[in-house]
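Chain and residue survey
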Amino acid sequence: VRVFAEASPMTITTIATSAETNFKDGFAFPHMAASTRAGSRVIFTGYRNSSEEIAAYSNGEFSTVAKANFNMQRGFTGLSAISSSATRTTFVGTTARGVGIYVHSADAPLATVIESGSAGFTSVDYPSIDAAGHVAFQAIRNGTAGIYAVREAGGAVVPVYNASQVLPGSGGELSPMQYN
């Protein structure tokens, strides 16, 4: 199994294989972030030394976006739902306090977007980020499933859609959004 990036047309660069020491315990969920002047960036979940991490590969270098250590009382115990754009990556992180959505940027420290248990949110999942750092995510807030957005980590949460609304143009034919 190989994770790879296209450095230029018709060129394949091997980033990691199961035969190498970097991520010999495995890797999954690779995806390309948008190319920037600095080059392409590949984000993936990697497993090494019995620990899970979200890793980035750009210009021949690996970097760690976030790392889960199952022996820590504080910090991430699980990572999922990765989304990247340019130099920003958002993901769902599980901590001893609960589940949250976080943003990592190449030029800023790790930041919290939202955590379950705050502002009426009981569940948060499936974040998506754009190159400007705006994050959209699916969540349950005050008992109602919906889609929400923030302009920046820690910023005001804006409701985009909730399950009690009829989608515009649907004529009421679409059933409300389901969230499990």
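Preceding block: the structure.
Presented here is an overview of the structure given in this document. (Residues numbered from 1 in each chain as written. Predicted model: local features only at pLDDT ≥ 70, side-chain atom pairs only at ≥ 80, totals over all residues. Heavy atoms only, no water.)

As for the sheet that holds strand S11 (residues 121-129)
- In spatial order, the strands read S11-S12-S13-S14; together these 4 strands make up an open sheet with antiparallel pairing. Unpaired on one side and paired on the other, S11 and strand S14 (157-162) mark the two borders of the sheet. Averaged over all neighbouring strand pairs, the angle between strand axes comes to 30°, with direction disregarded.
- Pairing analysis gives 5 bridges linking strand S13 (residues 144-150) to S14, with the strands arranged antiparallel. (Pairing = 2+ DSSP bridges. Helix = DSSP H or I, 4+ residues; strand = E, 2+ residues; numbered from the N terminus. Axes fitted to C-alpha atoms, helices over the stretch in contact; angles between N-to-C directions.)

Regarding the environment of Thr90
- Following the sequence through the fold, Thr90 ends up in strand S8 (residues 88-95).
- C-alpha of Thr90 to C-alpha of Val135: the two residues are 45 residues apart in sequence and 7.8 Å apart in space.
- Not counting the four nearest positions on each side in its chain, Thr90 is found in contact with Ala81, Ile82, Ser83, Ile101, Tyr102, Val103, Pro127, Ser128, Ile129 and Val135.
- Engagement of the side chain of Thr90 in a polar contact is seen with the backbone oxygen of Tyr102, the distance being 2.9 Å. (Contact = heavy atoms within 4.5 Å. Polar contact = N/O pair within 3.5 Å; in protein donor to acceptor, adjacent residues only side chain to side chain.)

Looking at unusual backbone geometry
- Its identity is not glycine, yet Ala81 carries a phi of approximately 50°, on the positive side.
- Its location among the elements puts Ala81 in strand S7 (residues 76-85).
- You can call Ala81 partly exposed: its relative accessible area is 25%.
- One non-glycine residue with positive phi stands out, namely Ala119, at about 50°.
- In this structure, Ala119 sits in the loop between strand S10 (108-115) and S11. (Buried < 20%, exposed > 50% of the residue type's maximum accessible area, 1.4 Å probe, protein only.)

Brief notes about the pairing of S11
- The pairing of S11 with strand S12 (residues 135-141) spans 6 bridges and is classified as antiparallel. Across the sheet, the residue bridging to Asp125 is Gln138, located in S12.
- Where S11 folds back on S12, the antiparallel hairpin that results is connected by 5 residues, among which Gly133 adopts a positive phi of roughly 95°.

Notes on the environment of Gly100
- Relative to the helices and strands, Gly100 is located in strand S9 (residues 98-105).
- Residues Gly100 and Phe121, 21 residues apart in the sequence, show an inter-C-alpha distance of 10.0 Å.
- Aside from chain neighbours lying at most four places away, what touches Gly100 is Phe91, Val92, Gly93, Ile114, Glu115 and Val124.

Observations concerning the nonpolar core
- In this structure, Ile101, Val113, Ile114, Phe121, Val135 and Phe137 are the most contacted members of the largest nonpolar core, which totals 14 residues.
- Sorting the residues of this core by element identifies S9, S10, S11, S12 and S13 as the ones contributing at least two each.
- Once residues lying within four places of it in the same chain are set aside, the contact partners of Val113 are Ile101, Tyr102, Val103, Val135, Phe137, Val150, Ala153 and Gly154.
- Within the second largest apolar cluster, 11 residues are counted, among which are Ile43, Val65, Ala66 and Leu79. (Core = buried A, V, L, I, M, F, W, Y, C linked by side-chain atoms within 4.5 Å.)

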